[in-house]
Amino acid sequence: MPQELTTDPVPEHERPAGIDVTVAHNARVWNYWLGGKDNFDVDRAAGDQVKALHPGIVQVALADRAFLGRVVRFLAGEAGIRQFLDIGTGLPTAENTHQVAESVLPAVRVVYVDNDPIVLAHARALLTAAPPAVTSYIDADVHDPDAILQAAAQTIDFGKPVAIMMLGILNFVLDNAEAQRIVSRLTDAARPGSYLALSHPTMELGGEGNAEAMRFWNEHARPPIRARSAEEIERLLAGLDLVDPGLVSCALWRPDRPATAIPHYGVVAVKPGRPSA
Ligand SMILES: C[S@@+](CC[C@H](N)C(=O)[O-])C[C@H]1O[C@@H](n2cnc3c(N)ncnc32)[C@H](O)[C@@H]1O
């Protein structure tokens, strides 16, 4: 059980139903670092403590979102992908997957998946596709890829290539074998020519300072998090082909302006084989 941080308690009548405001939660703290308003005192206190231990964390969050934008533009553009399964969506922010994809392709289909009740409460904001585009939202746990695939099949045709987006989510799957099972189950269900995009915190790339911040997070906030090395992430991608420039700091994945490395990996991989028509 995380230790409580000292903050003013949210009065009972102001607590949103079903949302735990006594412990910091990742979706809300991520929203805080991104400059959003969907967070509580406890999230801001934990977010500030992590920032004190790992001052680059706000740059990491911003670089991760910029990576998302570049990746979705690549996938919907050059790669010709028309369907996206975005697992670990986070709270709606400026450039969500469906908005970036729709700016490239009008008829894109996007399924969002998250298990945080506050993301669910804001899911309406993620469901604003203009026809012929379609978006849907699934309240599900990444540990249950079968449930995700089953529900996503109402919107996504798995007979056609799909992009599976897993940005900042596998770091909450602590066990490597479990992370492998999830990635394999999802990519096995996808046709050749489908893509997997991943971002993940690391102690590499100058991220040694992450250790203390992660220890603090795991004692005070939810869900518990871990870093992975390039070698561990590459192992998760076995059987897939890495798209240029491979596994790099997400800030350096096809940057559209001069950028420096931050301790957060980003990678896009494609399932080899002949794509369906
Ligand atoms: C760091 S945020 C990343 C958000 C977004 N993908 C991005 O890159 O900006 C991680 C998200 O994963 C969600 N998440 C964490 N554990 C999860 C789980 N077991 N199942 C589903 N979603 C989870 C959190 O609620 C949060 O919204």
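Our structure is the block above this text.
What comes next concerns the included structure. Position numbers for residues start from 1 in each chain and track the written sequence from start to end. For a predicted model such as this one, the threshold for reporting local features is a pLDDT of at least 70, and the threshold for listing and counting side-chain atom pairs is 80 or more; totals across whole chains, interfaces and linings nevertheless cover every residue.

### Overview of the overall build of the chain
Where we set the bar: Each helix corresponds to a stretch of at least 4 residues labelled H or I by DSSP, and each strand to a stretch of at least 2 residues labelled E; elements are numbered beginning at the N terminus. C-alpha atoms define the radius of gyration in this analysis, and the globule rule sets the expected value at 2.2 Å times the number of residues to the power 0.38. Here a residue counts as buried when 20 or more other C-beta atoms fall within 10 Å of its C-beta, as exposed when 12 or fewer do, and as partly exposed in between; the C-beta atoms come from the backbone. Our contact criterion uses C-beta atoms placed from the backbone: two residues qualify when those atoms are within 7 Å.
A tally of helices and strands in the chain yields 9 helices and 10 strands. In terms of overall size, the chain behaves like a compact globule, its C-alpha atoms giving a radius of gyration of 18 Å where 277 residues would be expected to give roughly 19 Å. Referenced to the eigenvectors of the C-alpha coordinate spread, the extents of the chain come out at roughly 55 × 40 × 35 Å. Counting across all 277 residues of the chain, residues that qualify as buried make up 45%. Long-range contacts, defined as pairs at least 24 residues apart, comprise 75% of the intrachain contacts of the chain with a sequence gap of at least 6.

### Section: the packing of helix H1 (residues 26-33) against helix H2 (residues 41-53)
Between two packed helices, what matters for the description is the angle formed by their axes and the separation of those axes. The line we're drawing: To define axes, lines are fitted to C-alpha atoms, for helices over the stretch in contact only, and angles between the resulting N-to-C directions are given on a 0 to 180 degree scale. Throughout, the term roughly parallel applies to angles under 35 degrees, roughly antiparallel to angles over 145, roughly perpendicular to angles from 65 to 115, and oblique to all others. A clockwise turn of the near helix away from the far one marks a right-handed crossing, whereas an anticlockwise turn of less than a right angle marks a left-handed crossing. Only Asp, Glu, Lys and Arg are considered charged in this grouping, and only Ala, Val, Leu, Ile, Met, Phe, Trp, Tyr, Cys and Pro are considered nonpolar; every other residue, Gly among them, is considered polar.
At a minimum axis separation of 9 Å, H1 and H2 run at an interaxial angle of 65°. Classified by the angle between their axes, H1 and H2 sit roughly perpendicular to one another. Of the two elements, H1 crosses H2, and the hand of that crossing is right-handed. On the side of H1, the interface is formed by Arg28, Val29, Tyr32 and Trp33, while H2 contributes Asp43, Arg44, Ala46 and Gly47. Split by residue class, the contact of H1 with H2 holds 4 nonpolar, 1 polar and 3 charged.

### Focus on the site of the ligand
Condition: Should the C-beta atom of a residue, placed from the backbone, lie within 6 Å of a molecule or strand, that residue is near it.
Around the ligand, the structure places 21 residues, and the nearest of them are Gly88, Gly90, Asp116, Leu167 and Gly168. Going through the elements one at a time, H1 and helix H3 (57-76) are the ones with two or more residues in the shell around the ligand. For the shell around the ligand, the residue count by class is 9 nonpolar, 7 polar and 5 charged.

### Thoughts on the nonpolar core
Selection rule: What makes a nonpolar core is a set of buried Ala, Val, Leu, Ile, Met, Phe, Trp, Tyr and Cys residues, with links drawn between C-beta atoms within 7 Å.
Grouped together as the largest cluster of nonpolar side chains are 78 residues, with contacts concentrated most on Ile164, Met166 and Ala197. The greatest single-element share of this core, amounting to 10 residues, is contributed by H3. Sequence-distant contacts of Met166, defined by excluding residues within four places in its chain, comprise Ile87, Gly88, Leu196, Ala197 and Leu198.

### Side note on H1
Given 3.6 residues per turn, any residue in an α-helix points the same way as the ones three and four places further on. Taking burial as the measure, the 8 residues of H1 include 8 buried ones, the bulk of the element. Buried residues of H1: Asn26, Ala27, Arg28, Val29, Trp30, Asn31, Tyr32 and Trp33, and no others. On the buried face of H1, the contacting elements are strand S1 (24-25), H2, H3, strand S3 (109-114), helix H5 (117-121) and strand S7 (221-222). Phi turns positive, to about 90°, at Gly35, one or two residues after H1.

### A closer look at unusual backbone geometry
Between Arg222 and Pro223 the backbone carries a cis peptide bond, its omega angle lying at -15°. Locating Pro223 in the fold gives a position in the loop between S7 and helix H9 (230-236). With an omega dihedral of 5°, the bond running from Asp244 to Pro245 counts as a cis peptide bond. Here Pro245 shows up in the loop between strand S8 (241-242) and strand S9 (248-249).

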